Amino acid sequence: MFQLYCPVCREARAEEEFRPKGEARIIRPPVPEAASDEEWADYLYFRTNPKGLHTEQWVHAAGCRKIFLVVRDTVSHEVAGSWALGEAPVVVEGAAEGDSR
C-alpha cells in the first residue's frame with residue numbers, strides 16, 4: 001500500500017481511495033477520419049508500460065472524484081509528485097528524466 005496526494009482535496013490518502021486510469025498524455029489522432037486502423041489501435045490499446053518513473057492518471061474515487069496526474073515509479077510504487085489537470089507539473093528531482101512523455 002502507498003499514499004497518494006490529491007491536489008484537489010489537498011490531502012494525502014491511502015491508495016485504496018484511488019483508482020488508476022492508465023497512462024497520461026496519450027495523443028488522439030489529429031484527423032480521426034483519416035487515421036488508419038493501426039493508428040487507432042495504437043491510440044486505443046497500446047501503452048508504453050515503462051520500468052521506472054511514469055506519468056499516470058488517477059481518480060480520487062472515494063473523495064472528490066476528480067482525475068489528476070501522478071508521476072510514480074512502476075517498480076517501487078514511490079510517488080514523485082501529483083498535480084491537477086491544467087496545473088503545471090510539480091517539479092521533483094529525477095522525475096523529468098524518467099517521465100514517459
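Here is what the cut-offs are and how they apply
Residues numbered from 1 in each chain as written. Predicted model: local features only at pLDDT ≥ 70, side-chain atom pairs only at ≥ 80, totals over all residues. Heavy atoms only, no water. Helix = DSSP H or I, 4+ residues; strand = E, 2+ residues; numbered from the N terminus. Buried < 20%, exposed > 50% of the residue type's maximum accessible area, 1.4 Å probe, protein only. Areas by Shrake-Rupley, 256 points an atom, 1.4 Å probe, with all protein chains shown as cover. Salt bridge = Lys/Arg side-chain N within 4 Å of Asp/Glu carboxyl O. Contact = heavy atoms within 4.5 Å. Polar contact = N/O pair within 3.5 Å; in protein donor to acceptor, adjacent residues only side chain to side chain.

Undergrad: Got a minute to help me understand the overall build of the protein chain in this structure?
TA: On a plain count of helices and strands, the protein chain comes out with two helices and six strands. The secondary structure elements of the protein chain, listed N-terminal to C-terminal, are β-β-β-α-β-β-β-α. Buried residues in the protein chain amount to 28% of all 101 residues. Surface accessibility of the protein chain: about 6,700 Å² in total, with carbon and sulfur atoms responsible for 52%.

Undergrad: Any chance you could explain the pattern of salt bridges here in plain terms?
TA: Close approach of charged atoms allows side chains of opposite charge to pair. On inspection of all chains with the given rule, the structure shows three salt bridges. Glu17 serves as the salt-bridge partner of Arg13, at 3.0 Å between the closest nitrogen and oxygen. Judged by relative accessible area, which is 27%, Arg13 ranks as partly exposed. One continuous salt-bridge network, built from bridges that share partners, spans Glu11, Arg13 and Glu17.

Undergrad: Hey, could you run me through the environment of Glu56 in this one?
TA: Locating Glu56 in the fold gives a position in strand S4 (residues 53–59). Discounting chain neighbours no more than four positions away, the residues touching Glu56 are Gly22, Ala24, Phe68, Leu69, Val70, Arg72 and Thr74. Looking at Glu56, its side chain comes within polar contact range of the side chain of Trp58, at 2.9 Å.

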